[in-house]
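Architecture at a glance
One-letter residues, chain by chain:
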Amino acid sequence: MRIGELARATGSTPRALRHYEQAGLITSVRAANGYRAYDARTTVRVRNIRRLLAAGLTLDDVRAFLPCLDGEVTVGRASARGLRIARDRLAVLDARIAAQTEVRERLAAALREAGETA
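From a predicted model like this one, the values you see are computed outputs, not experimental measurements.

1. Points about the environment of Glu102
Tracing the backbone shows Glu102 in helix H5 (residues 80-113). The class for Glu102 is partly exposed, based on a relative accessible area of 49%. At a separation of 2.9 Å, a polar atom in the side chain of Glu102 contacts the side chain of Arg106.

Written as structure tokens, this is what we have:
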């Protein structure tokens, strides 16, 4: 299938698919006309990549899950490495949220001092 077909089948964009390919998460072959051609099984892999990204992982994090991206990633027991990656990513997200909350509180305090309500 061509890149547009894969994008439609997975709810992705051609740009994202090219990015996944550049990151080594999916592969394609070039047709005689130069277009990328993907195996139909790539739809499962892309859906799994998108699922992991939506859960807050990065493309680098997702790379660790390559051995199971062609199946159902939510079925089965998570590996120790997968759990470590998820815990590490959660810690990063928690730190970002805390930092943003602190900035928000400072801004809200400045508005209160100016007589505004936050």
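2. Regarding helix H3 (residues 42-54)
Its 13 residues give H3 an end-to-end C-alpha distance of 18 Å, which sits within 8% of 18 Å, the value for a rise of 1.5 Å per residue. For H3, the complete set of buried residues consists of Thr42, Thr43, Arg45, Val46, Asn48, Ile49 and Leu52. Where H3 ends, the next residue or the one after it, Gly56, has phi of about 105 degrees, a positive value.

3. Thoughts on helix H1 (residues 3-10)
Burial in H1 covers these residues: Ile3, Leu6, Ala7 and Thr10. Along the axis of H1, the buried positions cluster into a sector of 100 degrees, meaning they face one direction only. For H1, the elements touching its buried residues are helix H2 (14-22), strand S2 (36-37) and H3. Residue Gly11 follows H1 closely and has a positive phi angle near 70 degrees.

4. Details of the packing of H1 against H2
One can describe the packing of H1 onto H2 by two numbers: an axis separation of 9 Å at closest approach and a directional angle of 100 degrees. Classified by the angle their axes make, H1 and H2 are roughly perpendicular. The segment H1 lies against H2, with Ile3, Leu6 and Ala7 engaging Pro14, Leu17 and Arg18. A per-class count over the contact of H1 with H2 returns five nonpolar, no polar and one charged.

5. Description of the side chain of Thr43
Here Thr43 shows up in helix H3. Residue Thr43 is classed as buried on the basis of its relative accessible area, which comes to 12%. Apart from residues lying up to four places away in sequence, Thr43 is in contact with Met1, Leu6, Ala9 and Thr10.

6. Quick word on the nonpolar core
Within the largest apolar cluster, 21 residues are counted, with the highest numbers of intra-cluster contacts made by Leu17, Tyr20 and Ile49. Every element with two or more residues in this core is listed here: H1, H2, H3 and helix H4 (59-63). Here Ile49 is in contact with Tyr20, Leu25, Ile26, Leu59, Val62 and Leu69, once residues within four sequence places are set aside.

Rules of the game
- Residues numbered from 1 in each chain as written.
- Predicted model: local features only at pLDDT ≥ 70, side-chain atom pairs only at ≥ 80, totals over all residues.
- Heavy atoms only, no water.
- Helix = DSSP H or I, 4+ residues; strand = E, 2+ residues; numbered from the N terminus.
- Buried < 20%, exposed > 50% of the residue type's maximum accessible area, 1.4 Å probe, protein only.
- Polar contact = N/O pair within 3.5 Å; in protein donor to acceptor, adjacent residues only side chain to side chain.
- Expected span 1.5 Å × (residues − 1).
- Arc of directions from axis to C-beta.
- Contact = heavy atoms within 4.5 Å.
- Axes fitted to C-alpha atoms, helices over the stretch in contact; angles between N-to-C directions.
- Parallel < 35°, antiparallel > 145°, perpendicular 65-115°, else oblique.
- Nonpolar A, V, L, I, M, F, W, Y, C, P; charged D, E, K, R; others polar.
- Core = buried A, V, L, I, M, F, W, Y, C linked by side-chain atoms within 4.5 Å.

So, to be careful, I would describe these as geometric facts and stop short of saying anything about function.
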